[in-house]
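Residue-level structural notes
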There are 2 protein chains.
Amino acid sequence: MKDTSVSHSDLRGLPADKVRAAIRSGDYAGHTAGLAAGKLQCNLAILPEVYALDFLRFCQRNPKPCPLVGVGDTGDPMLPTLGRDIDIRTDVPKYRVFKDGVMAAEVTDITDIWQDDLVTVALGCSFTFENALLRNDIPVRHIDTGRNVPMYRSNIDLTPAGPFAGQMVVTMRPIPQAQVEEARQISARFPQAHGAPIATGDPADIGIADLSQPDWGDAVEIKPGEVPVYWACGVTPQNVLLAAKLPLCITHSPGHMLISDVAEDAETTILKPE
Amino acid sequence: MKDTSVSHSDLRGLPADKVRAAIRSGDYAGHTAGLAAGKLQCNLAILPEVYALDFLRFCQRNPKPCPLVGVGDTGDPMLPTLGRDIDIRTDVPKYRVFKDGVMAAEVTDITDIWQDDLVTVALGCSFTFENALLRNDIPVRHIDTGRNVPMYRSNIDLTPAGPFAGQMVVTMRPIPQAQVEEARQISARFPQAHGAPIATGDPADIGIADLSQPDWGDAVEIKPGEVPVYWACGVTPQNVLLAAKLPLCITHSPGHMLISDVAEDAETTILKPE
C-alpha cells in the first residue's frame, strides 16, 4: 500500500489530470465520488486477452449494466481514447485482484502484476447520471445521507456470452413520485452511464425480497410519496467476471474509479488524438 | 444467384419477419430501403475470429462510423439479440465476399462458405436517421430524387486498432440553413445510426475536393440556401476491412441490409430473450 498524504477534500475542484497525478504518485488512494466534476468516471475490468472477445460480446449484449466506454490494446496499459497519459497500472486509487474467482489482494498499484496479455475494459458508472439528477434538483438519498448506494441482486437474466452469464445487479434510489418521469428522462440521456431505469415500484417484480437488506451498500429510507427506482449497476460485470472464475482478473475497488478526461455529456466517450 | 420472383413494392408494408422470409427463400434479392419501416437495418461485417477482438475494439473507438448493434457467437450464424430466427447465412438479400482484400464474389446466400470460426458484426445504418428526418419534414435530397446517397473519402483519421485504420468515409445531405440545427438534434438521438453530423459547410475542411464528384453513390444538387451536412458513413468499416486484406471477409452489398426486429427508437439494440 502506498502512503497516502492527500485527502479527498484537498482534491475537490482540481482537474482530472491533477487528481490522477495524485493517485499515480501514491499520495491519494481514496474514493473518487465528487472529484473531477463533469468528467466521466469508469468501472474497470482487466482480463487476459483469451477472454476479452467474449467479455466485449457480453458488454455489447448487456449495455445497461455494462456500458462500454473504452478498451485498451492487448498488453498496453495506456488508454488514449479516455484521457491524456492514463496508465491503468497506477492511475486508479485502489484495485482488487482476483484469481480463480477469489479475491487475492487489494492494492493501489498493479505495475508488478501487469502482463503482456492483459486487456483493459472501462465501463461507465452511475456517478454521471447522479450528478445530472442533482443538477436538476432531484434528490439522491444515499448522497444526501452520506451513504453508499444500496445494491441488490435481481432476477433479471443477462444475455450470456461465452463463460459470462448471470443476473443483473441493480441500484435503488427513492424518487418523489412527481419526479420519477423527469428522473427517467434525465438518466436516459446517459447511455454511457446505465441510461434510463430498468424498473420502478414493487421490488418483488424484479426478484428483490426486502429493500431494507441490500446485497451491497447501505439501506436508505423511502419516504412517503417516494417510489423506489431501479437502475442497472456496474457491480453486474464484476459479479459475472468472478462467477466465470478467470485465472486472473483485476477490477477497481468499489467507489475507487478511473477518472477520465471525457466530458460526462460528450456525444461519444472517445477522445480525438492530439 | 437465387431466382427472384418478388418485387420491392410487393414487400412494402410487410413486417420484418415476412421480408426476411422472402429474402431467405430466395424470392427477393433487392435493396432494403423503405422496407420494414420502423425497424433498425444493419451494415454487416463477417470475419474470422482471430480478427474479431481488434475489429470490435476498432468499432468501439470509432462509434460514429461504426455503431456496434450486434455481435454473433463464433461460428454461430444466428443473431438472437437482433431478431427472431435471424440466420445471417441466408437472411441478407445480397453479400459481397472478399479474399485478401479483393472482391471474389457477390452472392445471395453464404451457407456454402460459412465457417466455424466466423464472427458476425452488425453496425447501424443511416436509414434510421433519414427516416427520422423525413418524419420531421426535413428534406433528404437523394431520396427525393431517387438516387443513392453521395459518399466521400474524408481526411478525418480513424482511431486505429490492430490492423484496422484509415480515414472516415462520410455521406453528404444538403439541408436548408434554417433546418440544420434541427437535423443535428434529430440525428443525435440515434447514436446506433451514426448520430449527429460530423461536419457542416465547406467540404475542404474535411478534405473533400469536389462535392460533384463523390467517391461512391450519386452527386446531388445543393440549392440556394442549403448547407452541405456530413455524417459518418457505414462504408468506413468496409473500406477499413478491405485495406486490412483479411484472408476472408463478407459484407452486405451496398443498400442490401440486414433487417432486424429492433425498433429504430429503442433505448438499446438488444432484444430480450423470449
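Residues numbered from 1 in each chain as written. Chains lettered and ligands numbered in written order. Predicted model: local features only at pLDDT ≥ 70, side-chain atom pairs only at ≥ 80, totals over all residues. Heavy atoms only, no water.

In the annotation of an unreviewed UniProt entry, chain A is listed under the name Putative hydro-lyase GV827_18665 and assigned to Sulfitobacter sediminilitoris. In its Sequence similarities (unreviewed entry) section, the UniProt record describing chain A reads: "Belongs to the D-glutamate cyclase family." (UniProt positions renumbered as here; feature names shortened; annotations may be inferred.)

Here we come to the overall build of chain A. Scanning chain A from terminus to terminus reveals seven helices and eleven strands. Computed over the C-alpha atoms, the radius of gyration of chain A is 18 Å, within 12% of the 19 Å expected from 2.2 N^0.38 for a compact globule of 274 residues. In terms of overall dimensions, chain A has C-alpha extents of about 50 × 40 × 35 Å along its principal axes. For chain A, the proportion of its 274 residues judged to be buried stands at 55%. Restricting the contact set of chain A to residue pairs at least 6 apart, pairs at least 24 apart contribute 77%. About 11,100 Å² of surface is accessible on chain A, with carbon and sulfur atoms providing 49% of the total. (Helix = DSSP H or I, 4+ residues; strand = E, 2+ residues; numbered from the N terminus. Rg over C-alpha atoms; globule rule 2.2 N^0.38 Å. Buried < 20%, exposed > 50% of the residue type's maximum accessible area, 1.4 Å probe, protein only. Contact = heavy atoms within 4.5 Å. Areas by Shrake-Rupley, 256 points an atom, 1.4 Å probe, with all protein chains shown as cover.)

Attention now goes to the sheet that holds strand β6 (residues 151-157) of chain B. Within a beta sheet, neighbouring strands are joined by backbone hydrogen bonds and run either parallel or antiparallel to one another. Residue and element names in this part refer to chain B. Pairing in this open sheet of four strands is antiparallel, and the strands run β6-β7-β9-β8 from one edge to the other. Of all strands in the sheet, those bounded by a partner on one side alone are β6 and β8 (199-200). In this structure, β6 lies alongside strand β7 (residues 167-176), joined through four bridges in antiparallel fashion. By the bridge assignment, Asp157 is partnered in β7 with Gln167. Across the sheet, helix α6 (residues 180-188) lies against β7, β8 and β9 (226-232), angled at about 15° from β9, the strand it touches most. Along the sheet, helix α7 (residues 235-243) contacts β6 and β7; its crossing angle with β7, the most-contacted strand, is approximately 160°. (Pairing = 2+ DSSP bridges. Axes fitted to C-alpha atoms, helices over the stretch in contact; angles between N-to-C directions.)

Next up on the list: helix α4 (residues 127-135) of chain B. Within α4(B) the residues assigned to the buried category are Phe127(B), Thr128(B), Phe129(B), Glu130(B), Ala132(B) and Leu133(B). Following α4(B) by one or two positions, Asp137(B) adopts a phi angle in the positive range, close to 60°.

By convention, interface size is frequently given as the accessible area that disappears when the constituent parts associate. Facing the 25 residues of chain A at the interface are 25 residues of chain B. Roughly 2,200 Å² of surface becomes buried between chain A and chain B when both sides are summed, with 56% attributable to carbon and sulfur atoms. Applying the counting criterion to the chain A and chain B interface returns six salt bridges. We note a salt bridge from Glu49(A) to Arg57(B), for which the minimum N-O separation is 4.0 Å. Our enumeration of links across chain A and chain B arrives at 14 residue pairs in polar contact (both at pLDDT 80 or more). Contributing elements (two or more residues each) for the side of chain A that touches chain B: α3 (49-61) and β2 (68-71) of chain A. At seven residues, α3(A) tops the list of elements feeding residues into the side of chain A that touches chain B. Looking at side-chain class alone, the side of chain A that touches chain B contains ten nonpolar, nine polar and six charged residues. (Buried area = accessible area lost by both parts, 1.4 Å probe. Salt bridge = Lys/Arg side-chain N within 4 Å of Asp/Glu carboxyl O. Polar contact = N/O pair within 3.5 Å; in protein donor to acceptor, adjacent residues only side chain to side chain. Nonpolar A, V, L, I, M, F, W, Y, C, P; charged D, E, K, R; others polar.)

What follows deals with the packing of α3(A) against helix α3 (residues 49-61) of chain B. Two elements in contact, α3(A) and α3(B), have axes separated by 10 Å at closest approach and are oriented at 60°. On the basis of their axis angle, the class for α3(A) and α3(B) is oblique. For α3(A) against α3(B), the interelement crossing comes out left-handed. Two secondary-structure elements touch here, α3(A) through Glu49(A), Ala52(A), Leu53(A), Leu56(A) and Arg57(A) and α3(B) through Glu49(B), Ala52(B), Leu53(B), Leu56(B) and Arg57(B). (Parallel < 35°, antiparallel > 145°, perpendicular 65-115°, else oblique. Left-handed = near helix turned anticlockwise from the far one by under 90°.)

Moving on: the pattern of salt bridges. Residue and element names in this part refer to chain A. Tallied over the full model, the rule gives 25 salt bridges over all chains. Here Arg184 ties to Glu181 by a salt bridge, and the two come within 2.9 Å at their closest N and O atoms. With Arg184 and Glu181 both in helix α6 (residues 180-188), this residue pair falls three residues apart, about one helical turn. Judged by its relative accessible area of 36%, Arg184 falls in the partly exposed class. Residue class for Glu181 comes out partly exposed when judged on its relative accessible area of 39%. Several salt bridges share partner residues, and in doing so they unite Arg24, Asp85 and Asp91 into one network.

Residues and elements named next belong to chain A. Note on placement: Ser260 falls in strand β11 (residues 258-263). A polar side-chain atom of Ser260 sits 2.7 Å from the main-chain carbonyl oxygen of Leu40. At a separation of 3.1 Å, a polar atom in the side chain of Ser260 contacts the main-chain amide nitrogen of Val262. Not counting chain neighbours up to four residues away, the residues in contact with Ser260 comprise Ala16, Arg20, Lys39, Leu40, Cys42, Leu82 and Ile86.

All names here are of chain A. A sheet is described by the order of its strands in space; here four strands give the open sequence β6-β7-β9-β8, paired in antiparallel fashion. Two strands in the sheet have a free side with no partner beyond their single neighbour: β6 (151-157) and β8 (199-200). Pairing between strand β7 (residues 167-176) and strand β9 (residues 226-232): seven bridges, direction antiparallel. Its bridge partner being in β9, Arg173 is matched across the sheet by Val229. Relative to the sheet, helix α7 (residues 235-243) contacts β6 and β7, its axis offset from that of β7 by approximately 160°.

With that settled, consider the environment of Asn131(B). For Asn131(B), the position within the fold is in helix α4. For the pair Asn131(B) and Glu106(B), spaced 25 residues apart in the sequence, the C-alpha separation amounts to 28 Å.

All right, on to empty space enclosed by the protein then. Residue and element names in this part refer to chain B. Under the criterion given, the structure shown has two cavities of 30 Å³ or more. Residues belonging to the lining of the largest cavity are distributed by class as follows: five nonpolar, four polar and no charged. Considering only enclosed or pocket space, the second largest cavity measures out at about 30 Å³ in volume. Taken together, Asn43, Leu44, Ala45, Leu123, Gly234, Pro237, Gln238, Leu241 and Thr251 make up the full set of residues lining the second largest cavity. Those elements giving two or more residues to the lining of the second largest cavity turn out to be β1 (39-48) and α7. (1 Å grid on protein atoms, 1.4 Å probe; cavity = no way out; pocket = protein on both sides within 12 Å on 5 of 7 lines; lining within 4 Å. Points joined across faces, edges and corners; volume = space filled by probe spheres on them.)

Let's shift gears to the environment of Pro237(A). All names here are of chain A. Note on placement: Pro237 falls in helix α7. Sequence separation of Pro237 and Ile175 is 62 residues, and the distance between their C-alpha atoms is 26 Å. Setting aside its immediate chain neighbours within four residues, Pro237 contacts Phe55, Pro65, Cys66 and Leu123.

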